Amino acid sequence: VLAALLGAHVLCYDNREIGSTQREEIRTRIQKINPSALPIHYYQGHPIFDKNGILEHLEILIVSPGVPASSPWLQKLQSQFEKKYKKSLSVVSEVGFAASYTKTPIIAITGTNGKSSSCWYTFQYLKHMGFRCFIGGNFGTALSEMVIEEHFGIQQDTEIKSVNYDYSIVEISSYLRRVRLFR
């Protein structure tokens, strides 16, 4: 959604079918925030490989936190993309993409055990100190949602209010270390 709101031409691939109700909710949300945004095009399955050349102009592939860099379909797509288009495919995590559009300092927490607890305690500590904080990433709300609030505001009663945070506490999957997190 963030990429579309920022004016990108978005192709959404998901292994699960994205129902028409969910598509309409996303379309309505985008149009309400930014009426000039381009529509998102949805495809079921992995983008291996587009026979119509639809990915030729792809500049960046944003993967969800649930997709490890070692994913066979992702590695195959990168290889096929490079062979067909003679350029490498830039892959970035959703967190990394969103992080490149915020000025809010990010406290990224990763590791094998205790990530969620560490995020929660860090959030509570900073909140107790009087700071306005966002908590998210794998912890629940995607970082891109915070960036949407910063750039486009949120609806409060009859007006749009901008949102500013002092810190963003973000839980990061340990396997994302091989995906470019930040641009």
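The shown structure was predicted, so the numbers you read here are calculated from the model rather than taken from an experiment.

About the cut-offs
- All residue numbers refer to position in the chain's written sequence, counted from 1.
- Whole-chain, interface and lining totals are the exception, using all residues; otherwise, since this is a predicted model, local features are given only for residues with pLDDT of at least 70 and side-chain atom pairs are given and counted only at 80 or more.
- In computing side-chain properties, one takes all heavy atoms of the structure into account and sets aside hydrogens as well as water.
- Helix and strand assignments come from DSSP, with helices taken as H or I runs of at least 4 residues and strands as E runs of at least 2, each series counted from the N terminus.
- Residue exposure (1.4 Å probe, protein chains only): buried if accessible area is under 20% of the type maximum, exposed if over 50%, otherwise partly exposed.
- Helix span is expected to be 1.5 Å times the residue number reduced by one.
- The directions considered for the arc run from the helix axis to the C-beta atoms.
- It only takes one pair of heavy atoms within 4.5 Å for two residues to be counted as in contact.

Undergrad: How should I be thinking about unusual backbone geometry in this particular structure?
TA: The general pattern is negative phi for most residues beyond glycine and trans for most peptide bonds. With phi around 55°, K86 is a residue other than glycine that occupies positive phi space. Tracing the sequence through the fold places K86 in the loop between α3 (72-85) and β4 (91-93). The class for K86 is exposed, based on a relative accessible area of 70%.

Undergrad: Just to check I follow, could you spell out helix α5 (residues 115-128) for this structure?
TA: Each α-helix winds once per 3.6 residues, and so residues spaced three or four apart point in a common direction. Counted at 1.5 Å a residue, the expected span for α5 with its 14 residues is 20 Å, and the 20 Å between its end C-alpha atoms agrees. Residues of α5 that are buried: K115, C119, F123 and L126. Along the long axis of α5, the arc covered by the buried residues comes to 75°, so they all point the same way. Facing away from the buried side of α5 by over 90 degrees, the exposed positions are Y121, Y125 and H128. Tucked into the core, α5 has its buried residues touching β5 (106-109), β6 (133-137) and β9 (167-171). Once α5 finishes, G130 follows within two positions and takes phi at roughly 100°, a positive value.

As far as function goes, none of this settles anything; it's purely spatial.
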